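Next come the chains, spelled out residue by residue.
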Amino acid sequence: QVQLVESGGGLVQPGGSLRLSCAASGSSFSRAVMAWYRQAPGKQREFLARIFTSGSTNYAGSVKGRFTISRDNAKNTVYLQMNSLRPEDTAVYYCNAAIIGSSITYWGQGTQVTVSS
């Protein structure tokens, strides 16, 4: 069982930055592929970024070059550094964990990010 708790959301002006954190409980973090998604009102949940256990990453085109995903296995935490934020980045941001060798994925409760002047 893995529990994920996101933090770091809030209100930021266009062009600003935020760093989201996702703290994971349990001993499976080092075997988890971690990802960030977001969901804006009235829209489907959207993939943003993924980081593998090797540290390699991939990104959605909409955030590539602006967002950076990283992980700290010693702290069981994954981060999403978001720069050059735009009003269209406004959404609830979710952390996701997929444990290697398991078909189960885990979701956090989400953290709200609002980009507005």
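Predicted model, so just to flag it, every value in this text is computed and none were measured.

Caption draft 1: Up close: the pattern of salt bridges. Following the criterion strictly, the structure yields three salt bridges and no others. Its salt-bridge partner being Arg38, residue Glu46 comes within 2.8 Å of it at the nearest N-O pair. On the accessibility criterion, Arg38 (7% relative accessible area) is buried. The salt bridge partner of Asp89 is Arg38, with a shortest N-O separation of 2.9 Å. Residue Asp89 is found in the loop between β8 (77-82) and β9 (91-99), and its partner Arg38 is found in strand β4 (residues 32-39); the two are separated by 51 residues along the sequence.

Caption draft 2: Inspection of the pairing of strand β5 (residues 46-51) at higher detail. Note: β4 against β5, five bridges, orientation antiparallel. Paired with Tyr37 across the two strands is Phe47, which belongs to β5. Here β4 hands over to β5 after six residues, with Gly42 in that stretch at a positive phi of 80°. Across three bridges, the pairing between β5 and strand β6 (residues 57-59) is antiparallel. Note on β6: the bridge partner recorded for Arg50 is Asn58. Following β5, the chain reverses through five residues before pairing antiparallel with β6; Gly55 in that reversal takes a positive phi of roughly 100°.

Caption draft 3: Summary view of the sheet that holds strand β7 (residues 67-72). Spatially, the four strands line up as an open sheet ordered β1-β3-β8-β7, and their pairing is antiparallel. Looking along the sheet, the strands with just one partner apiece sit at the ends: β1 (4-7) and β7. For this sheet, the mean inter-axis angle between neighbouring strands, taken without regard to orientation, is 15°. Sheet analysis places β1 next to strand β3 (residues 18-24), joined by four bridges and oriented antiparallel.

Caption draft 4: Local environment of the state of the cysteines. Counted according to the given criterion, the structure contains one disulfide. Covalently, Cys22 is tied to Cys95 through a disulfide, its sulfur atoms 2.1 Å apart. Between Cys22 and Cys95 the sulfur-sulfur dihedral comes to about -80°; the bridge is accordingly left-handed. Placement of the pair is Cys22 in strand β3 and Cys95 in strand β9, with a sequence separation of 73 residues. With respect to burial, Cys22 and Cys95 carry one shared label: buried.

Caption draft 5: Fine view of unusual backbone geometry. Phi at Asn76 is positive, roughly 50°, even though this residue is not glycine. One can find Asn76 in the loop between β7 and β8. In this model, Ser84 sits at a positive phi of 50°, which is unusual for a non-glycine residue. Take Ser84: it is sitting in the loop between β8 and β9.

How each quantity is defined
- Residues numbered from 1 in each chain as written.
- Predicted model: local features only at pLDDT ≥ 70, side-chain atom pairs only at ≥ 80, totals over all residues.
- Heavy atoms only, no water.
- Salt bridge = Lys/Arg side-chain N within 4 Å of Asp/Glu carboxyl O.
- Buried < 20%, exposed > 50% of the residue type's maximum accessible area, 1.4 Å probe, protein only.
- Helix = DSSP H or I, 4+ residues; strand = E, 2+ residues; numbered from the N terminus.
- Pairing = 2+ DSSP bridges.
- Axes fitted to C-alpha atoms, helices over the stretch in contact; angles between N-to-C directions.
- Disulfide = S-S within 2.5 Å.

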